[in-house]
Structure formats: C-alpha cells, structure tokens
2 protein chains.
Amino acid sequence: MNYALGVDLGGTNIKIGLANEKGKILFKDSLPTESQLGTKEVIEKIKKLIKNSLKFAQRRKIKIKGLGLGSPGLVNYREGIIVGGAENIPGWTDIPLKKILEKEFNFPCQIDNDVNLASWGEFTFGAGRGSNNCLCITLGTGIGGGIIIERKLYHGSFNFAGEIGHLTINYEGARCNCGGWGCLEAYAGQQAIVERTKTAIRKGFSTTILKRVKNNLGKITPKIISEEAKKGDLLSKIIIEETGRYIGAALAGVANLLNPEIIIIGGGIAQAGEILFTPIRNSLKRYALTLASQKLRITSTQLGQESGILGGCSRVFELF
Amino acid sequence: MNYALGVDLGGTNIKIGLANEKGKILFKDSLPTESQLGTKEVIEKIKKLIKNSLKFAQRRKIKIKGLGLGSPGLVNYREGIIVGGAENIPGWTDIPLKKILEKEFNFPCQIDNDVNLASWGEFTFGAGRGSNNCLCITLGTGIGGGIIIERKLYHGSFNFAGEIGHLTINYEGARCNCGGWGCLEAYAGQQAIVERTKTAIRKGFSTTILKRVKNNLGKITPKIISEEAKKGDLLSKIIIEETGRYIGAALAGVANLLNPEIIIIGGGIAQAGEILFTPIRNSLKRYALTLASQKLRITSTQLGQESGILGGCSRVFELF
C-alpha cells in the first residue's frame, strides 16, 4: 500500500493528512493561520505539520511517497510556484514552494490551487468517483470551481481554469468584485446573498433571521440564512431559491458547453441541502439543452472538510 | 506520406477532399444536397463522391488511409452512428454510417459532428496550430462550437460538448430556439441579428440596407449587414458592434472557465472582420478576469470552407 501527505492551506487554518491509496486518512493535524500571518511563518507552520506527520509515519513504519499541497490563489502547478492572489496571506507571491519543501524533505511535492485539489479529491475519493468529466463548484465568500476532463485535472493554458464564479450570467448585470459584470459570484457569492437579505429586511419582510441576529443585520451570514430556511423561514427560503436559480443558469451554460456527467456542489450555502439543490436542478433544466441536462447528475460533496487533504494525497498517487 | 479523405455534409452540399498529412488538398469534389433529400439519397451521394475520389487516388497511385466525415446534428463518434437532430436532412436519425461506409470501402471511417471536425481542422492545419487548448466558434443560423483540450478533440460525456451558442448570457433574457432563455444564440444568432436590424429600421433609423434590399425587409441577411457595415453604414455598424458585445460576454465566461489560449471565430458574420472582432475583444476584456484574457488570442478562421474536409482528414491521421 502507498501512503502520501496532503496539505490544505486555508484562510483559517493549515490542515495536513496522511492517507493511503484507498483514501483512508490515518493521521490528521492542523495549525491556525492567524490573519496577517507572514510568508515565512506560513512556510514554517507547513514544515512543522509535515514533521509531525513524518513522526507518526516513522512510528508506524510507513514510507511517504510524496506530498500534495493546495494553496489559495494562482499557482503554477508545473513548476510548483505560488504566483499570487491569495487574499488571506499577505505576500504569498512568487514562492517556489515545491523547491522549498523538496529541499527539506526527501519526497516529491506537488503544489496546486486549493479548489483544484479539493475537486480532485471529490473526483477520486468522493462524489465524482467513476466519472469521466466532472465539475466541482465551491460556494463560499467567492465561488470557485475545478474541472476534470477525461479523468484528468484540467488547468487551462494559463493555470487559471475553473473560475465558474466569473461566468457571466447577465451581461447587463451587477458589477462583480473581479472587475467584471454580471458574474455568477455577483449574484450567488456570500456578499450578494447577504445584501439581498438585508435589502428585503429593510423593505419590511418579516423573518426569523432578525431574532437570530438580535436585529444586527451586520451579523447575517449565508449559514444563518440556510439554517433559518431549513426551519421554514419564508424569506430565507426565497433567498436560497433565488440563489439556486442563478447557480442553475450558470451550470446550464457549463452543461451546454462542457457536457459533464456530474456537477458536485459544496461549500457554505450548499449545506442548505434540497432547499438549494431543487431550485438549482429546476433552473438547470429550464436553461440547458435537454441532451446536455437529462443524464447530468447534480450532487453535493461527500468528503466535506477533507476533500483538499485527500485531493493532495490522490495527486501524489497519480503523479509520482 | 499518408493520405486521407474528408467529407463535410452540409445543408447545401456534400463536399469531399483528398489531403495529405500536411493538410494539402490534392482533389476536391462536391454534390448539392437539395432540400428534403432522403436518407438513402444522401448516403448514395456520399458513396459516389468517395468513388470519384478513389478513382483519382488510383490514377495517382495513392493509398487512402481512412475517411473522416462530419455530419450536422448529434453524432455518437465512438460507434460512428448519426443520432439525430440535423434539421436539413429529414430522417437523418439512427444511421450506423461508419458500418455502412466501412462495409463498402476497405478503410476505416470516423464519423463526428461537423462543427467538431471543422474545429479540429482549424486546430491542426489552421489558426489553432501549435496551441494546447483552443475553442472554435461558428457564427451562422445557429452558433456552434468545438473544444480542443490538451490537444485532443473534446466531446463531453454525452457527445454534446461545445454548444457555446447556448451559453446563458442573460438569465432574464430572450427565449431561445433551443427552449432555453438568454442564450448567446438568442442575441447573436442570424435570426436575432436580422430582427434587431428590422426593428431599428421600422423605428426610422436611416440605413443603406434599405436600398440594398429594395425596401424588402425580408431580404436582410447578416451578410448584407456585414457588407454595409464595411462600407460605413452606421446602423449596420451598430448592429455588428452590439453582436460583438454579446459574443465577447459569452467568450469571457468561456475564458474564465476554460482558460484557453486561442479562440477562433468563423462563419457568416465573422466576415465583417475588425468591425466585429474589435467589439468582441473589448467586450471580452470588460467581462473576463485579466489573467484569463490578457494572453488569450481571438482570431478568425484560416481554412474557410475547407476546415471540415481538412478536419476529417486530420482525424484519420490522428486515429488510424
């Protein structure tokens, strides 16, 4: 049996996992990434987590085949360099992370974008198992995506593929944080969802959200909206249904263009479950070509918080 | 040197070409496809064209390695079966064309969708040469597309990939012929372009188009609009610029999602040249992420009417 390490570098913590080829995690560890943590500290924390894992491996007489690490932002995966764009880690730019880690540890390291590795995890060990063409989307502050084409992780020509959050769903639409207009994220990203809710409340919609946040609208989050929707709050349900409609319209475009057999949806508001998934499926059917949508499965992630770690390990088994 | 036959089954005629591995066409022939031509007659015409080509090959002592044929509609390219959906050929459904042709001729045949093969032609012998990830779009009555991913023709899980004409660019938008809403085709397809022009004329816009069609609005075509735009007609220029804006918004989505290095645009209104391409590029920049658009090339097709034939030949060299 082969063993690998997977590292998931996130906004709130760095997670590591040691897993076998079957996707079973034998050891896990994590360290917090306080905001404004510098580049050096982040690298030191990664090294520390690796060392902890290696101690475990040594005790169990396990040989590590390699390491896969997912980082936010733009990553040159061929050379293992962090290019930049990770908002939560200041200065996380032009870092030859593969070289740094391979110098210290005697196994090969694969560096990639975090959403790509999480998608690869779902494809190999989660909801996408057995498919050929698969799209994963993560609903969060932003909306990210990873694409698997003919059983291979697809990066595009400039390592930037998968930005489904910036698919234009309304060319006349709202300005997006990316600088574009009418992107899916401008309708179904965290900020858009919360703003729509606040506006409705200010217009006088009655909702259980108000009690939940003790009338402090600044405390509204997609998680709260999801939870209130599940409890039956009408406004929350409307907001989530609208969000589902936007996501479905974007996914219809993807279905018509890429014709995948499965689309896997995870992240914050996806926890709303069928309240979100039903309008997504209805909207997709409304906008997509029948032949592109009739056999397409829309499903939730299976690996939860471990998709990144498992994706990192799985890349090692694939590549090295 | 290897030689192959390429067949392009179109709405107005069936074309055949015999080309070598370098993409040089040594022999060409075609037969008209009168409207309402039955299935049997279409197959007979294809066979006749193949026989004519084989006579030429025999005279030149050329051995044919195989044949690639592009058909409109949905094609099961793995088994070489026409599934259906070709509007111009009634009954062109469930036809095991590969089997039929291979029974009669002693070389392997590859059957695929016509836009896919034309895209493959542009990729191997035309504007896409040397790229890794490439999208071709054809502007015509409908808007079709072909996708090349990591130097391979991409079909999707249900043989339906590339339908960029049915990418939603406005979820609140106009009904599309496909049954969906707000598709690119509903804004930049032939019908939409002509209708926008007619509406403007009826509202009193002065234009040289009127003289050109002798006041018969029914005679307006995208070709006429393109030509009048090139001569400086303001309304025609506005119509083409708007069309470019819609196409650019859709291509921005594709750039953000797939991150190709080149997008090749051909078909009817693409002949307008820079009057169309400049607004496409501007719109793309407006809607797309900088990292996805800055190195992306938007260019016109190079092979013109021969892309389908050459794509068919090229598939033979790749596969057999």
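Scroll up to find the structure.
Residues numbered from 1 in each chain as written. Chains lettered and ligands numbered in written order. Predicted model: local features only at pLDDT ≥ 70, side-chain atom pairs only at ≥ 80, totals over all residues. Heavy atoms only, no water.

**Q** Any chance you could explain the overall build of chain A here in plain terms?
**A** For chain A, the helix and strand inventory stands at eleven helices and twelve strands. The C-alpha atoms of chain A give a radius of gyration of 20 Å, which matches the 20 Å a tight globule of 320 residues would have. Each of the three principal axes of chain A carries a C-alpha extent, and together these read 60 × 45 × 35 Å. The 320 residues of chain A split such that 59% are buried. Carbon and sulfur atoms make up 48% of the accessible area of chain A, which amounts to about 13,400 Å² in all. Averaging the positions of the 42 positive and the 28 negative side-chain charges in chain A gives two centres separated by 5 Å. (Helix = DSSP H or I, 4+ residues; strand = E, 2+ residues; numbered from the N terminus. Rg over C-alpha atoms; globule rule 2.2 N^0.38 Å. Buried < 20%, exposed > 50% of the residue type's maximum accessible area, 1.4 Å probe, protein only. Areas by Shrake-Rupley, 256 points an atom, 1.4 Å probe, with all protein chains shown as cover. Lys, Arg positive; Asp, Glu negative; His and termini not counted. Charge placed at Lys NZ, Arg CZ, Asp CG, Glu CD.)

**Q** How should the interface of chain A and chain B be read in this particular structure?
**A** Reports often express the size of an interface as the amount of accessible area lost when the parts come together. Listed as interface residues are 47 residues of chain A and, on the opposing side, 46 residues of chain B. Counting each side, the surface lost to burial between chain A and chain B is near 4,300 Å², with a carbon and sulfur contribution of 62%. Counting the surface chain A buries against chain B, the share from its top three residues, A:Phe158, A:Tyr171 and A:Leu257, is 20%. Linking chain A with chain B are zero salt bridges. The set of elements that each furnish at least two residues to the side of chain A that touches chain B consists of β9 (143-149), α8 (234-258), α9 (274-287) and α10 (290-293) of chain A. (Contact = heavy atoms within 4.5 Å. Buried area = accessible area lost by both parts, 1.4 Å probe. Salt bridge = Lys/Arg side-chain N within 4 Å of Asp/Glu carboxyl O.)

**Q** Could you clarify how one ought to interpret the environment of B:Ser293 in this entry?
**A** Residues and elements named next belong to chain B. Among the secondary structure elements, Ser 293 is positioned in helix α10 (residues 290-293). Sequence-wise, Ser 293 and Glu 242 are 51 residues apart; in three dimensions their C-alpha atoms are separated by 20 Å. Contacts of Ser 293, omitting those with residues within four sequence positions, involve Leu 284 and Ala 288.

**Q** Looking at this structure, how should I read the side chain of A:Arg315?
**A** Residues and elements named next belong to chain A. Tracing the backbone shows Arg 315 in helix α11 (residues 307-319). The buried category is assigned to Arg 315, whose relative accessible area is 5%. Beyond its immediate stretch of four places on either side in the chain, Arg 315 contacts Tyr 77, Gln 110, Asp 112, Leu 117, Trp 120, Leu 153 and His 155.

**Q** Explain the pattern of salt bridges to me, please; I cannot follow it from the model alone.
**A** Side chains that differ in sign of charge can pair as their charged atoms come close. Residue and element names in this part refer to chain A. Applying the stated criterion to the full structure yields 26 salt bridges over all chains. Here Glu 242 and Arg 196 are joined by a salt bridge, their closest N and O atoms 2.7 Å apart. Of the two residues, Glu 242 sits in helix α8 while Arg 196 sits in helix α5 (residues 190-202), which places them 46 residues apart along the sequence.

**Q** Any chance you could explain the nonpolar core here in plain terms?
**A** Proteins that are soluble and globular tend to have nonpolar side chains buried together. Residues A:Leu251 and B:Leu251 are the most contacted members of the largest nonpolar core, which totals 118 residues. Contact partners of B:Leu251, with chain neighbours within four places excluded, come to B:Leu135, B:Ile137, B:Ile164, B:Ile263, B:Ile265, B:Ile280, B:Leu284 and B:Ile298. (Core = buried A, V, L, I, M, F, W, Y, C linked by side-chain atoms within 4.5 Å.)

**Q** Got a minute to help me understand the pairing of strand β6 (residues 81-84) of chain A in this structure?
**A** As a general feature of sheets, a regular strand has side chains that alternate between the two faces. Residues and elements named next belong to chain A. Note that strand β5 (residues 74-76) and β6 share three bridges and pair antiparallel. Counted as the bridge partner of Val 75 is Ile 82 from β6. Here β5 hands over to β6 after four residues, with Gly 80 in that stretch at a positive phi of 75°. (Pairing = 2+ DSSP bridges.)

**Q** Sorry, what's going on with empty space enclosed by the protein here?
**A** Which parts of space are left empty comes out when a probe the size of a water molecule is rolled across the atoms. Throughout the structure, instances matching the rule amount to two cavities of 30 Å³ or more. In terms of lining, the largest cavity is formed by B:Gly10, B:Gly11, B:Thr33, B:Glu34, B:Leu37, B:Val42, B:Asn88 and B:Ile89. Residue classes in the lining of the largest cavity are distributed as three nonpolar, four polar and one charged. Looking at the second largest cavity, its volume works out to about 30 Å³. Taken together, A:Tyr154, B:Asn133, B:Cys134, B:Leu135, B:Ile147, B:Ile148, B:Ile149, B:Leu258 and B:Pro260 make up the full set of residues lining the second largest cavity. Listing elements by their share of the lining of the second largest cavity, those giving two or more residues are β8 (134-139) and β9 (143-149) of chain B. (1 Å grid on protein atoms, 1.4 Å probe; cavity = no way out; pocket = protein on both sides within 12 Å on 5 of 7 lines; lining within 4 Å. Points joined across faces, edges and corners; volume = space filled by probe spheres on them. Nonpolar A, V, L, I, M, F, W, Y, C, P; charged D, E, K, R; others polar.)

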